[in-house]
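Chains, contacts and geometry: an overview
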Amino acid sequence: MNTLLISFCVSFVVTFLLIRYQHLHGHLSGDHEFSGPQKIHTRSVPRIGGLSIATGLIAGSLFIAFKDQLFSLIAAILVSCISVFGIGLIEDLKKNIGVQKRLAFTALGALIAIYAIPTSITSLDIHLLNQLLSITLISTLFTCFAMTGLANAYNIIDGFHGLSSMIAIITLGAILYIAFKQNDLVIFKLSLCMLAAIAGFFLWNYPRGLIFLGDGGAYLIGFWIALLSILLVERNAAVSPWFALTINIYPIFETLFSIYRRLIHQNKSPGQPDAIHFHTLIYRRVIGNVNPQLSAADRNARTAPYLWILVVMNAIPSILFFDSTLALQIVAVVFIVTYWYLYRSIVRFQTPTWFRLY
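What comes next is a walk through the structure.

Rules behind the numbers
As a convention, each chain's residues are numbered from 1 in the sequence order in which they are written. Two thresholds apply to this predicted model, a pLDDT of at least 70 for residue-level local features and 80 or more for giving and counting side-chain atom pairs, whereas whole-chain, interface and lining totals are computed over all residues. To get the side-chain values, take all heavy atoms of the structure and skip hydrogens and water. Residues enter patches when their relative accessible area tops 30% and they take part in no salt bridge; the joining distance is 9 Å for like charges and 5 Å for the nonpolar side chains Val, Leu, Ile, Met, Phe, Trp and Tyr. Here the open area of atoms and residues is found with the Shrake-Rupley method and a 1.4 Å probe, where only the protein chains shown may cover a residue. Within this document, salt bridges are pairs made up of a side-chain nitrogen of Lys or Arg and a carboxyl oxygen of Asp or Glu, the two lying within 4 Å of each other. Each helix is a run of H or I in the DSSP string that is no shorter than four residues. Each strand is a run of E no shorter than two, and both are numbered from the N terminus. With a 1.4 Å probe rolled over the protein chains alone, any residue whose accessible area is under 20% of its type maximum counts as buried; one over 50% counts as exposed, and the rest are partly exposed. Note on contacts: a residue pair is in contact if any heavy atoms of the two residues lie within 4.5 Å. A 3.5 Å cut-off defines polar contacts: any pair of N or O atoms within that distance qualifies, except that in protein one atom must be a possible hydrogen donor and the other a possible acceptor, and neighbouring residues in sequence count only when both atoms are side-chain atoms. Cysteine sulfur atoms that pair up within 2.5 Å are treated as a disulfide. As used in this record, nonpolar core signifies buried Ala, Val, Leu, Ile, Met, Phe, Trp, Tyr and Cys residues forming a set joined through side-chain atoms within 4.5 Å. Each residue after the first adds 1.5 Å to the expected span of a helix. The rule is short: rings of Phe, Tyr and Trp, with Trp giving its six-membered ring, pair when the centres are within 6.5 Å, and they are stacked under 30 degrees, edge-to-face over 60, tilted in between.

**Brief notes about a nonpolar patch on the surface**
A cluster of nonpolar side chains, namely Ile-126, Leu-128, Leu-129, Leu-132, Ile-135, Leu-137, Ile-138 and Leu-141, defines an oily patch on the protein surface of about 690 Å² accessible area. On the secondary structure map, Leu-128 appears in helix H6 (residues 127-133). When its relative accessible area of 56% is taken as the criterion, Leu-128 is described as exposed.

What follows is the structure, given as structure tokens:
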């Protein structure tokens, strides 16, 4: 309870201060670009919400370190996050850091975590892949790729008020629940710490978007969730390696599908932004077509719940079958098929009636 209160209160207060005094830092922190393919806001908004999450996370983590005597573990985790959050925050302020450089610094953080904690992915419950992952170099490279990829994936889905932050809260809720069931109080508390820090920010971000998560916040959240997902599986033999994949399937598949769409269909660089992500299609073709009279701000606020529900419907069976690789593989396939069906339907202006919430 103390961990939750510390992380939440620090994050909540820091977010308030960033909003209240944005006139002092808005020339640096404000998102002044309104013409990009994913830009919907019409006024400058601070995009350094990740700063409040980071401060809440640090406060809660240090409390855990001192209370439970976990100095080395917490220190290793926080140090590994420095380059990840740092490069994202620099992008939020300077707005000229290329995606390759951001990915490189995120990969550096992953390598620090792999060797300092230490941790790595050593099993996927598939015989041939398990043999490959038994080789230290391959395991290290794959773990680095997975952690970097999920951090970037959270940045990709951060397109509307409350979208990626609530997705993270749902995912962390699933992780901490399984950690509690396995009596892994370390993972439980670290999950709760990030969940509370995000919640302190979320109350200011949703529904009106008074502050944005920014690259720093998105990369930090995705990296932390990736690390906890791996640690949960590594520390608890009863948890299937596929739980880590299935509980994170939405941001992972959104990223893979976006890469496929841009490379194959558009012949563009995967790093270029566009306006046909799943969440953007919901905003423009589901909510916009059904309720054209709504303001852009109202449509923005109504977009995220579509994805929240989809992720909750995936999280429930993931939790129920956390120890069954076959069941989790089926859950992952069902999500992918559902995603593809809905995306294809919306693109063709054939949105199923049951998918219209408003």
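What follows picks up the thread again.
**Some details on the environment of Thr-246**
Looking at where Thr-246 falls in the secondary structure, it is placed in helix H11 (residues 241-246). Residues contacting Thr-246, with those up to four places away along its chain left out, are Asn-314, Ser-318, Leu-328, Val-331 and Ala-332. From its side chain, Thr-246 meets the backbone oxygen of Trp-242 in a polar contact 2.7 Å long.

**Overview of the side chain of Asn-155**
Examined against the element boundaries, Asn-155 turns out to sit in helix H7 (residues 136-156). Of the residues examined, Asn-155 reaches a relative accessible area of 15% and is grouped as buried.

**Some points on unusual backbone geometry**
At the junction of Ile-117 and Pro-118, the peptide bond is cis and its omega measures out at -15° in the coordinates. Looking at the element boundaries, Pro-118 is found in the loop between helix H5 (99-116) and H6. With omega at 10°, the peptide bond leading from Tyr-206 into Pro-207 counts as cis. Not every positive phi belongs to a glycine, and Lys-95 is a case in point at roughly 60°. For Lys-95, the location among the structural elements is in the loop between helix H4 (71-94) and H5.

**Digging into the pattern of salt bridges**
Per the counting criterion, the structure on display carries 7 salt bridges. Of the charged contacts in the structure, one is a salt bridge between Asp-92 and Arg-47, with a shortest N-O distance of 3.2 Å. Of this pair, Asp-92 sits in helix H4 while Arg-47 sits in the loop between strand E2 (45-46) and helix H3 (49-68), and the two are 45 residues apart along the sequence. According to the relative accessible area criterion, Arg-47 is buried, its value standing at 10%.

**A closer look at the state of the cysteines**
Tallied over the full model, the rule gives 0 disulfides. Cys-193 supplies the cysteine sulfur nearest to Cys-9, a cysteine that is in no disulfide, at a spacing of 12 Å. On the basis of relative accessibility, which here comes to 40%, the residue Cys-9 falls in the partly exposed class. Take Cys-81: it sits in no disulfide, and the sulfur closest to it among the cysteines is that of Cys-193, at 11 Å.

**Some details on the nonpolar core**
Among the nonpolar cores identified, the biggest contains 108 residues, and Phe-243 and Phe-278 are the most heavily contacted of them. Per-element tally for this core: the top contributor is helix H10 (residues 214-235), with 14 residues. Beyond its immediate stretch of four places on either side in the chain, Phe-278 contacts Glu-254, Leu-307, Leu-310, Tyr-339, Leu-342, Tyr-343, Ile-346 and Phe-355.

**A short note on the side chain of Thr-255**
Here Thr-255 is to be found in helix H12 (residues 249-265). Using a relative accessible area of 9% as the deciding quantity, one classes Thr-255 as buried. At 2.8 Å, the side chain of Thr-255 and the backbone oxygen of Pro-251 are in polar contact. Other than its neighbours up to four places away in sequence, Thr-255 contacts Ala-153 and Ile-156.

**Brief notes about H3**
Between its terminal C-alpha atoms H3 stretches 29 Å, which fits the 28 Å expected from 20 residues at 1.5 Å a residue. Those residues of H3 not exposed but buried are Gly-49, Gly-50, Ser-52, Ile-53, Ala-54, Gly-56, Leu-57, Gly-60, Ser-61, Ile-64 and Ala-65. Buried positions along H3 lie against helix H1 (2-20), H4, helix H9 (185-205) and H10. Just downstream of H3 lies Gln-69, where phi reads positive at about 55°.

**Quick look at the packing of aromatic side chains**
In the structure shown here, the tally under the stated rule is 22 aromatic pairs. Plain terms: the ring middles of Phe-8 and Phe-12 are 5.7 Å apart, the flat faces sit at 25° to each other, and that makes the pair stacked. Of this pair, Phe-8 and Phe-12 both sit in helix H1, separated by 4 residues, roughly a single helical turn. For Phe-8, a relative accessible area of 25% translates into the label partly exposed.

Take it as geometry only, folks, not as evidence of what the structure does.
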